[in-house]
Structure formats: structure tokens, C-alpha cells
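# Secondary and tertiary structure notes
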Amino acid sequence: MIKFISMNISKKIFLAAISLSSATIWAQNAPVLTQQPSQDNSAETILQSMDGESIQPAAPQDSEIPAPIVSSDTSNTFAPIESSEMENNAVAEPAPEYVDPNAPVPVSESAELLQPMPKPEPMPMEEPSYVEPAGISFIPTDSAATQTALQPVEEIPAAEDPELDQTAESIWDTTPAMPLTQQEAESIAEQPVQATAEKHVLDIFHGRAYNAVGNEAAAANVASEISTPHKMHNRKFVYIEPVDGYGVVSFGEGSTFFLAFDNNKTNAANYSELGLVTLGYAGQNFGFSLEAATGKSWSYIDNDIDSSSTTYKITNPGTQFGGTASANLANIDLALGVTYANPNGSYFISEFGEEHEKDEWALGGKLTVAHTTSNALSWSVNLNFLRYKASTSSKTESIFTENGETYKATYKSTVTDTTTRVEVIPEFNVGAPILQNQKARVFLGLNTAVPLIAYDRIDGVVSRHNEYGLTLTPNVLAEVALGQYVMAFGSVSYCWDVADYRDSYINNVSVKALEMESGETTAILGMRLQYEFAALEMAFTKQFLQNPFGSFSDHDEIAMSIGAFVNF
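Residues numbered from 1 in each chain as written. Predicted model: local features only at pLDDT ≥ 70, side-chain atom pairs only at ≥ 80, totals over all residues. Heavy atoms only, no water.

This paragraph deals with the overall build of the chain. Looking only at helices and strands, the chain has eight helices and 25 strands in total. Out of the 568 residues belonging to the chain, those deemed buried represent 27%. Here the analysis covers contacts within the chain between residues at least 6 apart in sequence; of these, 56% occur between residues at least 24 apart. Entry remark: accessible area of the chain is about 38200 Å², with carbon and sulfur atoms responsible for 58%. (Helix = DSSP H or I, 4+ residues; strand = E, 2+ residues; numbered from the N terminus. Buried < 20%, exposed > 50% of the residue type's maximum accessible area, 1.4 Å probe, protein only. Contact = heavy atoms within 4.5 Å. Areas by Shrake-Rupley, 256 points an atom, 1.4 Å probe, with all protein chains shown as cover.)

Here we come to the environment of Val 442. For Val 442, the location among the structural elements is in strand β19 (residues 440-449). In this structure the C-alpha to C-alpha distance between Val 442 and Leu 477, which are 35 residues apart in sequence, comes to 5.8 Å. If sequence neighbours within four positions are ignored, Val 442 has contacts with Ala 432, Pro 433, Ile 434, Leu 435, Val 476, Leu 477 and Ala 478.

This next bit is on the nonpolar core. With 13 residues, the main nonpolar core has Val 222, Ile 226, Phe 237, Val 248 and Phe 565 as its most contacted residues. Elements supplying a minimum of two residues to this core: α6 (222-227), β5 (237-241), β6 (246-251) and β7 (256-264). Discounting residues that sit within four places of it in the chain, Ile 226 has contacts with Met 232, Tyr 246, Val 248, Phe 258 and Ala 260. With 10 residues, the next largest nonpolar core counts Leu 202, Tyr 210, Phe 443 and Ala 481 among its residues. (Core = buried A, V, L, I, M, F, W, Y, C linked by side-chain atoms within 4.5 Å.)

This paragraph deals with the pattern of salt bridges. Across all of its chains, the model carries 12 salt bridges by this definition. Across the pair Lys 408 and Glu 397 runs a salt bridge, and its minimum N-O distance is 3.3 Å. Note that Lys 408 is positioned in strand β17 (residues 405-416) and Glu 397 in strand β16 (residues 378-402), a separation of 11 residues in sequence. A relative accessible area of 57% places Lys 408 in the exposed class. Residues participating in the shared-partner salt-bridge network are Asp 203, Arg 441 and Glu 479. (Salt bridge = Lys/Arg side-chain N within 4 Å of Asp/Glu carboxyl O.)

Turning our eyes to something else, we now look at a nonpolar patch on the surface. A contiguous nonpolar patch, built from Phe 321, Leu 336, Val 338, Tyr 340, Leu 363, Leu 367 and Leu 383 and spanning about 590 Å² of accessible area, is present on the exposed surface. Of all elements in the fold, only β13 (332-342) and β15 (354-371) reach the threshold of two or more residues within the nonpolar patch. It is β13 that provides the largest number of residues to the nonpolar patch, a total of three residues. With respect to the secondary-structure elements, Phe 321 resides in strand β12 (residues 319-329). (Patch = residues over 30% accessible without salt bridge, like charges linked within 9 Å, V, L, I, M, F, W, Y side chains within 5 Å.)

Time to look at the confidence of the model for the chain. For the chain, mean pLDDT is 75; residues scoring 70 or higher make up 61% of the total. Overall, residues 1-6 carries pLDDT values under 50, and its contacts beyond four positions in sequence, including any with other chains, amount to zero contacts. Scored below 50 in pLDDT, residues 126-178 shows 36 contacts in the model against residues more than four places distant or in partner chains. (pLDDT = per-residue confidence, 0-100.)

In this structure, strand β10 (residues 296-303) lies alongside strand β11 (residues 308-315), joined through eight bridges in antiparallel fashion. Note on β11: the bridge partner recorded for Tyr 300 is Thr 311. (Pairing = 2+ DSSP bridges.)

Take the environment of Phe 400 next. Looking at where Phe 400 falls in the secondary structure, it is placed in strand β16. Overall, Phe 400 belongs to the partly exposed group, its relative accessible area being 35%. Setting aside residues no more than four positions away along its own chain, Phe 400 makes contact with Glu 405, Thr 406, Tyr 407 and Ala 409.

Our next topic: the packing of aromatic side chains. Here the structure, examined in full by the defined rule, presents 14 aromatic pairs. On the basis of an interplanar angle of 25° and a centroid distance of 6.3 Å, the ring pair of Tyr 340 and Trp 361 is categorised as stacked. Of this pair, Tyr 340 sits in strand β13 while Trp 361 sits in strand β15, placing them 21 residues apart in sequence. For the ring pair Tyr 485 and Tyr 531, a centre distance of 5.5 Å and an interplane angle of 45° mean the geometry is tilted. Of this pair, Tyr 485 sits in the loop between β21 (462-481) and β22 (486-506) while Tyr 531 is found in strand β23 (residues 509-531), placing the two residues 46 residues apart along the sequence. (Phe/Tyr/Trp six-rings, centres within 6.5 Å; stacked < 30°, edge-to-face > 60°.)

What follows is about the pairing of β12. Summarising the sheet, strand β9 (residues 286-293) and β12 pair through eight bridges and their orientation is antiparallel. Paired with Gly 287 across the bridge in β12 is Ser 326. Pairing analysis gives 11 bridges linking β12 to β13, with the strands arranged antiparallel. Bridged to Thr 324 within β13 is Gly 337. What sits between β12 and β13 in their antiparallel hairpin is a turn of two residues, with Ala 330 showing a positive phi close to 55°.

This is the structure we're talking about:
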């Protein structure tokens, strides 16, 4: 046992001697340092002998990398020295003494140069964020990983959009993209897709002086919009024509209501024109209007002197009742109008045992299918129907005595006017721009009508009477903007009766005839003055254009039609 302990002690003394010898050799070969680098206490290994004396471990012998030399030249502070210099400058130093790991390490003036650069702390990687595209609502999946990766970022408040003009007729108004509900998405999917065309600067709302030739591609005017009530939707204005006695006011938010006043013209003698009032409603894709012009009178007269009575029932010429309904379906305008009128009036008179009656009326209707745009080909198909009837009748009563008997005789007769007839007139109208730039354009159109007329048969008078025809009316409308506040427009049309065929047998006379005739050319020139929300339109008379200054002295009218707008 004693021998075993003695051998262990000898072995440890031998290892300590070898370690001390290695440390001495390493110190002789080490370069000169101004400061001893700090040692890592956590990695330091201390050997202790049996008697408790600590021994510093030796440095490895295979390290040949020289340590940097600190000199006064800062430009070459970290430059390594040559091996020959290391041999000349190497100075043997005693073995390093035991250093307490817990003692503070002294710092020299050049410690800052020898301290290693601090390593940047690693930044934690941010989780990827999902930014939802505008107008698309993100629908998360059931996967937890997907929900974690697609966390929405903090919303950035968007810049406020400028307030849009709700009264403008623009089709490019945009609204912020918002997620749609299922009901809204289904509603949009059911709506027909309509092609939108670029709006021209001259696509403005006009008075009745504009487009007197009825070109299909021209801009809208008051007359064409009221004839198709749903087109009055969102139009807010007042329009007045002092020459023809006409006025319109249109108002309402969302739903539009309009009221129009006109004169129902008549050619009957000794009768004044009747005022025609139109009341209408216009929704987004549907509208209707009702119109009425009344001239009726009833008189009952009783004479106590001779015990006679007289009755008068009179309907004035121009009396009219009607209505129109219209709608827009898949960018196609549909309209149906019905009118009952007394163009020349009617009456019933009963006096002194006699009755006289004139029965005259006209029932008309019009069906329209149209597609209108100012930037491409526009067209309309119309089917006009008219039933006109005119007749006179009389009834006379008399009392006479024959062979002592008293009798009451009644005589009655009815005469049907030869103008009683049925009309069916198909129409097909087209129009398109043929010349245009940013401030002017020219439209070319063609209006076609095929009248088919069949007159009533009258015993002993009319055996047959039929008329057929084909009428072509080419027309041109031109307009130009003369600056910011003035525009001029003109239109010209030419009516050509291509064929008028008549086949009749009246009062034992047979007639078959075919005619072809070029009608009269009509031209109109007008202008529009506009400032902000007010406008004035007029079409000049022929007399004014021939002698502008003479119109003031000879009391001739300057304008055949003049209208003033106030738009809202």
C-alpha cells in the first residue's frame, strides 16, 4: 500500500516537471506584448498537486500564428511582423505566475485597440405578413399554419377621396373597393354587362331647337327624353320656351319626377289650342308618364215658355288623353305609348225634336325598340298604329195625322267620312358620327318609313281604297364648340318619297297610281350660350338669317325656337 502511494506521488511529480519545462520553452519563443490578453476563465484548466499547489497548464506547442504587435503607427496596427523580426525581438520571460480567476484584469492605454469588435446581436426574423389586395376579401383557411403565416398587417388609413359630383353624367365614377356580401355579389352578377363608351365634350342635354331632323345618334334633347320616360332619371333642371309656350321641370333624389306643359296644336278653325300637361316618373330602368288636354262642355237648357229643351255636348279639337311606359333591358330601350284624341272635335246637339251628332276620334299607339349611343351606330325600330273614325248622324222626329190617325215619324241617317281608316307605319332609323374631333362632330342619319293605310269601305261610295308608300329622309347634323361658353349647331334634311302607290274604287271610279317625288329640303341653324349651370338655345328663322337687322324693324321673329335651361 505504501509502495503504491509512493509510485503515484512520483508519477505526479514527474508530470508537473514536464509541464513546467514546456511552459518555460513556450515563454522563450513568445513575442513581446504590451498587454497580456484576457483569458477565458470558463475554459481555464488548473492542475493541482497532492500538496494543494496549483500549476498553470502549458500552451500548445504546435501554434505558429504570431500575435499582432501594437505600435504607435495606427495605419499598421494589425500588420503581422516577419519571422526574422520575431526571432530578433523575442525575449525570454519567466513562466507566468498563477493568476486568480476572480481578480480584475488591468487595462492598458491601448486596450481599446486590442479589444475585439462586438458582434451584432441577431435580429429576430419577422413573421411574413399578408397584405390583402384592394377589392378582394381574403377568406382564411382552416389550417392553423396558414392563419399564422397570413396575419394581416396594421391598416394604414387611406387618403380621403375628393367628393364626387353626383349630378354629373359621367359613367366612370369609382367607389372604394369594399368586400361584397353574397347578396350584393349575386345582384351584380345578375345585372347585364353594358359596354361603356368615352363621353364626348358635346354630349350635353339640349332643348327642342336641337336635332329637329331626328338624327338617332345625336345628343339627347328634352323631347326625346320625355318620349322615353325612364331616360329622365337623375335629370334635375327647368326648361322654358317662350315662343312655343312650353316648359318642363324635373326634380327628385333617387326617383325622378317631371312635369311638362305644352300646347296641343290643332288645325280646326275657330278653336284655340288646348294646353297639354304631362306628369311623369322615372326610376333607374323604368318610367312612365300620363298626359291630358281637355276641352269638353255640357249644356242643358229648358224653356218654360214653349216647353222645349236643348242639349249641347261639345268636345273641343285637341282634346287628348294618353300615357307612355318605358324601360331599359340589356342596354335596349323599350317604350309603349297609347293616345286617345279628338283632332277636329265632336259634338251632340238635341233641340226641337232633332238630334245632330258628329263623332270623331283617333286611337293611336307606338312601340319603340332602340339602341342609342353618340359614339357608334345608333338605331331604332318603331311601329305606329292609328285607328281614325269620323262620321255624322242626324235624327229627326215629326208628328202627322193620316186618315184620322196620329203618327210619329223618325228619320235617321249616318254618313261615314271617307277619311276613316287604319294606319300601320313601320319605321327604321339609323345614325352614326362620320366626322369628329375633340370640339366638333358631324352625324349622318337615315330615317325610313313604310306607311300602310287601309280606308274603310262605305256602301255605295267606297269599294276599296288602299295606299302604300316608302319614304327615305337622309339627314345631317353638325355641331361645334366655339370656346367654353358658345356652341353652334345646324341640321339639314331631305325628304324623298320613293314610292306612293294608290289603289282605289270610289264612286264607281277606279284609280291605280304610282308616284315618286323628292320633297323639300329643310335646314336649321342654331346656337347655344352656356355659363355655369344656365344655358340658352335658339334656332334662327329664315327671315332673320336673310336680313338680321330687318327682323328688328319689321317685327319679324328672330328665332323660330328659343329655350332656356337652368340645370341642377
